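Understanding the architecture of this molecule
Below, each chain spelled out in residue letters.
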Amino acid sequence: MKNEKTDYANKIATKMTSNLSKVIEVQEYNLDDLTIIINGLKKEQKEEVIEEIINNQLDELKDKDDKKIRKVLKQVDDITDYFIKYYDDDSDIVSECDQIADDLLFKAIGRNKRTLELPLKVSYIKNYCLSSNINNNQIFDSLVWIALRLVAISYCIKYNDSLEDNTED
């Protein structure tokens with residue numbers, strides 16, 4: 001009996017260790033890691049790629065229910081918290097860009113009778129959405145963050161829908 005308990009305890013400890021090592025592996029992603037494949041492009045090309053991502057996500061999400069979107073926002077925050085970028089001036093683009101992404105999305109779905117005509121131009125975001133707290137060196141990261149948040153919202157909705165579909169079967 002003692003060996004069974006020991007074996008069972010070892011299996012649980014091994015599983016815990018395995019799960020902890022997975023968490024530690026993904027604990028901090030750098031925002032730059034997301035853009036590595038487009039870093040070689042010219043500034044305009046980078047912005048076009050980000051613009052395409054943002055528009056694709058807004059187009060995909062525009063028919064989603066407001067409640068379904070709100071349901072995943074905490075989950076999205078938890079996921080995107082893994083992506084970091086430190087600036088020399090200790091500034092933080094995350095909270096502002098989260099609000100921008102959410103606002104663009106809620107306009108795209110027509111919440112509170114507010115609308116957003118798609119496709120959206122990056123120049124619109126740069127000129128009318130980003131505050132003066134975002135300096136020129138942070139504009140690209142801000143656009144990437146907005147895209148990341150929209151992708152995360154879309155992913156979480158799909159993920160939660162698949163979980164609901166599996167429980168219905």
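You'll find the structure just up there.
Nothing here was measured: the structure is a model prediction, and the numbers come from that model. (Residues numbered from 1 in each chain as written. Predicted model: local features only at pLDDT ≥ 70, side-chain atom pairs only at ≥ 80, totals over all residues. Heavy atoms only, no water.)

**Section: the packing of helix H3 (residues 43-61) against helix H6 (residues 122-129)**
In the contact formed by H3 and H6, the axes pass within 9 Å of each other and the chain directions differ by 90°. Comparing the axis directions of H3 and H6 gives the class roughly perpendicular. Taking contact as the criterion, the partners of Lys43, Glu47, Glu51 and Ile54 in H3 are, on H6, Val122, Ile125 and Lys126. (Axes fitted to C-alpha atoms, helices over the stretch in contact; angles between N-to-C directions. Helix = DSSP H or I, 4+ residues; strand = E, 2+ residues; numbered from the N terminus. Parallel < 35°, antiparallel > 145°, perpendicular 65-115°, else oblique. Contact = heavy atoms within 4.5 Å.)

**With respect to helix H5 (residues 94-108)**
The terminal C-alpha atoms of H5 lie 21 Å apart, and with 15 residues this matches the ideal 21 Å at 1.5 Å per residue to within 8%. Taking burial as the measure, the 15 residues of H5 include 11 buried ones, the bulk of the element. Listed as buried for H5 are Glu96, Cys97, Asp98, Ile100, Ala101, Asp102, Leu104, Leu105, Phe106, Lys107 and Ala108. Following H5 by one or two positions, Gly110 has its phi on the positive side, about 80°. (Expected span 1.5 Å × (residues − 1). Buried < 20%, exposed > 50% of the residue type's maximum accessible area, 1.4 Å probe, protein only.)

**Brief notes about a nonpolar patch on the surface**
Residues Tyr8, Ile12, Met16 and Leu20 make up a contiguous nonpolar surface patch of about 440 Å² in total accessible area. Along the chain, Tyr8 falls in helix H1 (residues 2-25). (Patch = residues over 30% accessible without salt bridge, like charges linked within 9 Å, V, L, I, M, F, W, Y side chains within 5 Å. Areas by Shrake-Rupley, 256 points an atom, 1.4 Å probe, with all protein chains shown as cover. Salt bridge = Lys/Arg side-chain N within 4 Å of Asp/Glu carboxyl O.)

**Thoughts on the side chain of Glu96**
Tracing the backbone shows Glu96 in helix H5. Buried and unpaired, Glu96 has no salt bridge, with Lys107 as the nearest side chain of opposite charge at 13 Å. (Lys, Arg positive; Asp, Glu negative; His and termini not counted.)

**A look at H1**
In an α-helix, one full turn covers 3.6 residues, which means residues spaced three or four apart are oriented alike. Taking 1.5 Å of rise per residue, 24 residues should cover 34 Å, and H1 covers 34 Å from first to last C-alpha, within 8% of that figure. Taken across its 24 residues, H1 has zero buried, putting it largely on the surface.

**Quick notes on the packing of aromatic side chains**
Considering all chains together, one arrives at two aromatic pairs under this definition. Taking 5.5 Å as the distance between ring centres and 45° as the angle between the ring planes, the aromatic pair formed by Tyr124 and Tyr128 counts as tilted. Here Tyr128 and Tyr124 lie together in helix H6, a separation of four residues that amounts to about one turn. For Tyr124, a relative accessible area of 28% translates into the label partly exposed. Note that Lys46 overlies the ring of Phe140, its terminal NZ or CZ placed 5.3 Å from the centroid. Positioned over the ring face of Phe106 is Arg111, at 4.5 Å from the centre of the ring. (Phe/Tyr/Trp six-rings, centres within 6.5 Å; stacked < 30°, edge-to-face > 60°. Lys NZ or Arg CZ within 6 Å of the ring centre and 35° of its normal.)

**So, the side chain of Glu47**
Position of Glu47 relative to the elements: it lies in helix H3. Setting aside its immediate chain neighbours within four residues, Glu47 contacts Val122, Lys126 and Leu143.

**Considering the packing of H5 against H6**
Between H5 and H6, the shortest axis-to-axis distance is 12 Å and the interhelical angle comes to 120°. Classified by the angle between their axes, H5 and H6 sit oblique to one another. In this structure, the crossing between H5 and H6 has a hand that is right-handed. Only Tyr124, Ile125 and Cys129 of H6 make contact with H5, whose side of the interface consists of Glu96, Ile100, Leu104 and Lys107. Here the contact of H5 with H6 is built from residues that sort into five nonpolar, no polar and two charged. (Left-handed = near helix turned anticlockwise from the far one by under 90°. Nonpolar A, V, L, I, M, F, W, Y, C, P; charged D, E, K, R; others polar.)

Note that every value here comes from positions in space, so none of it alone points to a role or purpose.
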